[in-house]
Amino acid sequence: MSQRLTINQNAKPIYDIVYEHDFGRLAEELEKFEIHTKKLCIIADSKVNGLYADEVCEALKDKCKKILVFSFPDGEKSKNLDTIQNIYKFLIENKYDRRDMLLALGGGVTGDMAGFVAATYLRGIDFVQIPTSLLAQVDSSIGGKTGVDCDQYKNMVGAFYMPKLVYMNLSTLKTLDDRQYYSGMAEVMKHGLIKNANFYEWIIDNMYEIHDRDLETLEEMVLKSNTCKKIVVEKDPTEKGERAILNFGHTIGHAIEKAKNFELLHGECVALGCVAAAYISWKRDLISKDEYYEIRDMFVPFNLPISIENIDPEEIFALTSSDKKMEGEHLKFILLKSVGKAMIDKTVTKEEILAGINEIYFTDEDWDE
Ligand code: GLY
């Protein structure tokens, strides 16, 4: 029996997350949504299309009315309204109606865009998340955030829209390149840091199995990570309050991502942002010096950066204030109260943010020390 986690809202089940090691049970799970009466459209980027779309089509083609694939060039640069418009056109030309279903097969870019199309096409059509990257499995496929970047501002246009199901095939993590895989680890570590100190220790204790991508360990890790996120999104599905703690590391992280023109991966920027935010937490005496250095140094064995060259701290600061996390004049900054507990703070000053950025800024002078 496969493991499942249910996401509820107001004590009512909204969707299940199922944990599998292949696509063998996808048809059975989708049959619960009467797909024999529906046309399905797989949305996948060019990379994932080449890897998994044929296998998913094969598994579903006799179970539904019709199945087509819409593919777009892989990468964050595709996450824009032009791609969304191309998906709308494809659905219109192929006569998809409101009873049909979209399948988001791929990483975070695919899930966010397919979800946004699902939320808006014909004012709403069902969709299922089939995340294939670690980042998507532990973060973006859970919680119903959908959207696109606008003029390189991350996720500025979007909607909260829940999938009908999240189907995790953990074996897909085996084909990820190392950089993508470890980028996802930043979100896993973030979940431990903000919500569950025992899980954070578990990650460190299981470091070697995580490096080996042992399937049982991956399943346990993704399930534990999803459980942290479940607790937060169930209480605050539309980010009126507590859900903002999931943005730990993201204020400075997103700013670096944009300043570096998306050359660094999202998780790499999140790791840098977590170090800066943990530094500010230490300087405010919320966590100890030893805790700060442990948090910083534990990103290293997971191949994540803890410092960065060639940035302009003032530019990074300026970019933090164009982030979605602004509430009027106030930046909602996430700090750590301890390992496993985060808090929202609206009083973090420019000086503190610059000090955090300077902590991760590696200059030529650092070589000389
Ligand atoms: N990735 C942050 C959230 O889902 O709220």
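Described below are features of the structure shown in this document. Not measured: the values here are computed from a predicted model.

Conventions adopted
Residues numbered from 1 in each chain as written. Predicted model: local features only at pLDDT ≥ 70, side-chain atom pairs only at ≥ 80, totals over all residues. Heavy atoms only, no water. Pairing = 2+ DSSP bridges. Helix = DSSP H or I, 4+ residues; strand = E, 2+ residues; numbered from the N terminus. Buried < 20%, exposed > 50% of the residue type's maximum accessible area, 1.4 Å probe, protein only. Phe/Tyr/Trp six-rings, centres within 6.5 Å; stacked < 30°, edge-to-face > 60°. Lys NZ or Arg CZ within 6 Å of the ring centre and 35° of its normal. Axes fitted to C-alpha atoms, helices over the stretch in contact; angles between N-to-C directions. Contact = heavy atoms within 4.5 Å. Near = heavy atom within 4 Å. Polar contact = N/O pair within 3.5 Å; in protein donor to acceptor, adjacent residues only side chain to side chain. Areas by Shrake-Rupley, 256 points an atom, 1.4 Å probe, with all protein chains shown as cover.

### Points about the pairing of strand E1 (residues 3–9)
Right, so step 1: Bridge count for E1 against strand E2 (residues 12–20) is 7 bridges, and the pairing is antiparallel. Bridge assignment links Ile-7 to a residue of E2, and that residue is Tyr-15.
Right, so step 2: Connecting E1 to the next strand, E2, in antiparallel fashion are 2 residues, including Asn-10 with a positive phi near 50°.

### Side note on unusual backbone geometry
Negative phi is the rule for most residues except glycine; trans is the rule for most peptide bonds.
Right, so step 1: You will see that Ala-11, though not glycine, has its phi angle at about 65°, which is positive.
Right, so step 2: Looking at the element boundaries, Ala-11 is found in the loop between E1 and E2.
Right, so step 3: Judged by its relative accessible area of 76%, Ala-11 falls in the exposed class.
Right, so step 4: The residue Glu-239 is not glycine, and still its phi comes out positive at about 55°.
Right, so step 5: Along the chain, Glu-239 falls in the loop between helix H9 (215–235) and helix H10 (250–259).

### Here we look at the packing of aromatic side chains
Right, so step 1: For the structure shown, the criterion picks out 11 aromatic pairs.
Right, so step 2: Judged by centre distance (6.4 Å) and plane angle (20°), the rings of Phe-23 and Tyr-167 are stacked. Placement of Phe-23 in the loop between E2 and helix H1 (26–31) and of Tyr-167 in strand E9 (residues 165–169) is noted, with a sequence separation of 144 residues between them.
Right, so step 3: Positioned above the aromatic ring of Tyr-153 is the side chain of Lys-258, whose terminal nitrogen or guanidinium carbon lies 4.6 Å from the ring centre.
Right, so step 4: The lysine or arginine in question, Lys-283, covers the ring of Trp-282, its NZ or CZ lying 4.0 Å from the ring centre.

### What about the sheet that holds strand E3 (residues 39–45)?
Right, so step 1: Taking strand neighbours across the sheet as the criterion, the 7 strands line up as E1-E2-E9-E6-E5-E3-E4 in an open arrangement whose pairing is mixed. Either end of the sheet is taken by a strand with one partner, and the two such strands are E1 and strand E4 (66–72). Strand-to-strand twist in this sheet, taken as the mean axis angle between neighbours without regard to direction, amounts to 20°.
Right, so step 2: Direction of pairing for E3 relative to strand E5 (residues 101–106): parallel, over a ladder of 4 bridges. Paired with Leu-40 across the strands is Met-101, a residue of E5.
Right, so step 3: Sheet strands touched by H9: E1, E2 and E9. Its angle to E1, the strand with the most contacts, is close to 10°.

### What about the site of the ligand?
Right, so step 1: Lining the immediate environment of the ligand, one finds Asp-139, Lys-145, Lys-229, Glu-239, Arg-243 and Leu-246.
Right, so step 2: Within the side chain of Lys-145, a nitrogen or oxygen atom sits 2.9 Å from an oxygen atom of the ligand.
Right, so step 3: Within the side chain of Arg-243, an N or O atom sits 2.7 Å from an oxygen atom of the ligand.
Right, so step 4: Within the complex, the protein chains bury 89% of what would otherwise be the 200 Å² of accessible surface of the ligand.

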